[in-house]
Structures are given as structure tokens and as C-alpha cells.
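Chain by chain, the residues run as shown.
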Amino acid sequence: MRVMRDFFTVDQKQLSFLDFGGPGRPLLAFHGHTSEASTFAPLAEALAPQWRVIALDQRGHGESDRAQSYQRADYVADIAAFHRHLGLGPVPVLGHSMGGVNAFQYAARHAGQVTSLIIEDIGAVMDADWSMVTWLPLQQPSREALTAALGELAPYLECTFREFDDGWSYSFDIDDTVRSHKALSGTYWNDWESIPCPTLLIRGADSVVLARDHAREMIARRDGQAQLVELPAGHVVHADAPEEFAATVRTFLAQLPTP
């Protein structure tokens, strides 16, 4: 794939995105906390050439600018501006974790812009735990040292590794991420229940973020418009079970009518 990085400006902030290219139909993708757009590279490769994944580095992540505010409305407004910038009509949307809440709130609040929705391991009621973020090792002298310091977390964060003047760290700021986590906490049943499009909820069977009972309640509250698939994975399903995740997404998208 020929991946293109591009930028656009919204409210005096520069946001970045990756267009994984190809002739396929567009699929917008939104990552979670402590991640960035490049996390979807394996998915983009697996879905090509039928689908063209376009993923946003959300505010404060990746190559996008840091922001003064990380409230729910800020993230949703960024997605709306991103969608307008691309000049696309209604499209399928995928979101993981925090990006999943952003995605389903966008679908609920911008009716007609989302043809179908894929939500990866996040619920409609959030009590966000930011403690893990504060435990992350900070600047290390080399990429190898940062990988060693992170241990089993390294594969989930390596796409965010960056070299700075004082060593290696991440493409997100710890304090900003804590603020964003705090702003994520809340109850969003109204948004979830008002989503007008077909929805796939993917849960990691070993997830500590989305409980099975809560996931089943989410499906029940959508009155036949949503389906649940559980895969052998933790919270980051697309990383823990990449082939199964891509196959599940591909099957769901294949059910959509061709425009």
C-alpha cells in the first residue's frame, strides 16, 4: 500500500491523518488513548483492496497538535471537520476504545453521515481508569531501552515511539492523556440508543474494559440494529487477534449495500 500522511486545520489546530490508499470504498478509523492512526496499518492491509482505510491522529495524539481541551464535544467536532475535509459522503466508521465513543457519538449526533458503525471494546457507560498512563516509563536513552522498560505493553505502544532531544518517549503527552481520560468518564446511553445505522460491537473475551453483561445490554438496547462478536483478545482486539478482527470487520462490511 502507498500510505499518505496529510494535515488539515480546525480551530487553529493542525490535525494529521493517514490515508492507506487504494481503490476501495472509504472507511474512517479512530484510535484510542495512548495510540495513533498507524495502529490500523495491519487492518488496512487486510481489508485492501475492497476498503480504503483513512485514520485520524486525534487531538493530542500522533502528529496532531496538542489541545487546551479534550472534552467529548471537542473530539466529535474534530471528526466532523475531518469528514468535511475529506469531501466524502456518508461512510462506515470504526473506533477503538476512546475512539469508539467518539465514533458512536459522531454517528448519533450527525445522522446521515455514517452508514454503518464498528465499535471495538468500549461501553456506553465509562468510568475511565487513567492510572496505567501515569505508570508509563518516561524518557529512555534509546528505542530498545523504552521497549525494555515497557515490557509486555511495548507492542501496544510502539507505534507511538518518538525520538526527542532528551531521549525516546511517546507521541502523546501523559498529562493531556489523563485529562482526556477524565473527560471520557460519563453515561452515554442517549447517544448509543439514538444511532440510526447498523452497528457491530466487537468485544475482547478477556477485556477488563468492556464487561460481557454491559456489552449484551448495549445490543439489547439497540432493538435489533446491533450485533455483538467476541474474539479471543484483551482490550486491544485489533492487536491481540488481528486476523480474526479483520475477518469480522470484513464480513460485517460485506453486508452493506453497494452505493
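Quick caveat, the model's predicted, so the values are computed rather than measured.

A.B. asks: Would you mind showing me how to read the overall build of the chain here?
C.D. replies: Along the backbone of the chain there are 11 helices and 12 strands. A globule of 259 residues ought to have a C-alpha radius of gyration of about 18 Å, and the chain, at 17 Å, matches this closely. Looking at the chain residue by residue over its 259 residues, the buried ones come to 54%. Long-range contacts, defined as pairs at least 24 residues apart, comprise 71% of the intrachain contacts of the chain with a sequence gap of at least 6. Total accessible area computed for the chain in this model is approximately 11400 Å², and 49% of it derives from carbon and sulfur atoms. Each charge class in the chain can be summarised by its mean position, and for the 20 positive and 33 negative side chains these summaries are 6 Å apart.

A.B. asks: Explain the pattern of salt bridges here, please?
C.D. replies: Two side chains bearing opposite charge may form a pair once their charged atoms approach each other closely. Inspection of every chain in the model, using the stated rule, returns 14 salt bridges. Notably, a salt bridge pairs arginine 59 with aspartate 78, separated by 2.6 Å at the nearest N-O pair. Here arginine 59 is found in the loop between strand E4 (51-57) and helix H2 (72-86), whereas its partner aspartate 78 is found in helix H2, with 19 residues between them in sequence. This pair shows no difference in class: arginine 59 is buried, exactly as aspartate 78 is.

A.B. asks: Just checking my understanding: could you explain the sheet that holds strand E6 (residues 114-120) for this structure?
C.D. replies: Strand pairing in a sheet relies on backbone hydrogen bonds, with the paired strands running either antiparallel or parallel. Strand order in the open sheet made by the 8 strands is E1-E2-E4-E3-E5-E6-E11-E12, with mixed pairing throughout. Edge strands, defined here as strands with exactly one partner in the open sheet, are strand E1 (4-10) and strand E12 (226-231). Strand-to-strand twist in this sheet, taken as the mean axis angle between neighbours without regard to direction, amounts to 20°. Taken together, the 4 bridges between E6 and strand E11 (residues 199-204) define a ladder with parallel strand orientation. When the bridges of E11 are listed, isoleucine 118 appears paired with leucine 200. In this fold helix H9 (residues 212-220) packs onto E11 and E12, with an angle of close to 155° to the strand it touches most, E12.

A.B. asks: What is the right way to read the packing of aromatic side chains from this model?
C.D. replies: Under the criterion given, the structure shown has 8 aromatic pairs. Seen in terms of ring centroids, phenylalanine 30 and phenylalanine 82 are 6.1 Å apart; in terms of plane orientation they differ by 80°. Their pairing is edge-to-face. Remark: phenylalanine 82 occurs in helix H2 and phenylalanine 30 occurs in strand E3 (residues 25-30); sequence separation between them is 52 residues. Put simply, the rings of Phe8, Phe17, Phe30 and Phe82 touch in pairs and so form one group of aromatic residues. Residue placement shows arginine 221 over the ring face of tryptophan 189; its charged tip is 3.8 Å from the ring centre.

A.B. asks: Explanation requested: unusual backbone geometry in the structure shown.
C.D. replies: Working note: non-glycine residues mostly have negative phi, and peptide bonds are mostly trans. Put simply, alanine 48 and proline 49 share a cis peptide bond, and its omega is 5°. Tracing the backbone shows proline 49 in the loop between helix H1 (41-47) and E4. Even without glycine at this site, aspartate 11 takes up a positive phi of about 50°. Here aspartate 11 lies in the loop between E1 and strand E2 (13-19). Even without being glycine, aspartate 223 reaches a positive phi, approximately 50°. Secondary-structure assignment places aspartate 223 in the loop between H9 and E12. Overall, aspartate 223 belongs to the exposed group, its relative accessible area being 72%.

The rules behind the values
Residues numbered from 1 in each chain as written. Predicted model: local features only at pLDDT ≥ 70, side-chain atom pairs only at ≥ 80, totals over all residues. Heavy atoms only, no water. Helix = DSSP H or I, 4+ residues; strand = E, 2+ residues; numbered from the N terminus. Rg over C-alpha atoms; globule rule 2.2 N^0.38 Å. Buried < 20%, exposed > 50% of the residue type's maximum accessible area, 1.4 Å probe, protein only. Contact = heavy atoms within 4.5 Å. Areas by Shrake-Rupley, 256 points an atom, 1.4 Å probe, with all protein chains shown as cover. Lys, Arg positive; Asp, Glu negative; His and termini not counted. Charge placed at Lys NZ, Arg CZ, Asp CG, Glu CD. Salt bridge = Lys/Arg side-chain N within 4 Å of Asp/Glu carboxyl O. Pairing = 2+ DSSP bridges. Axes fitted to C-alpha atoms, helices over the stretch in contact; angles between N-to-C directions. Phe/Tyr/Trp six-rings, centres within 6.5 Å; stacked < 30°, edge-to-face > 60°. Lys NZ or Arg CZ within 6 Å of the ring centre and 35° of its normal.

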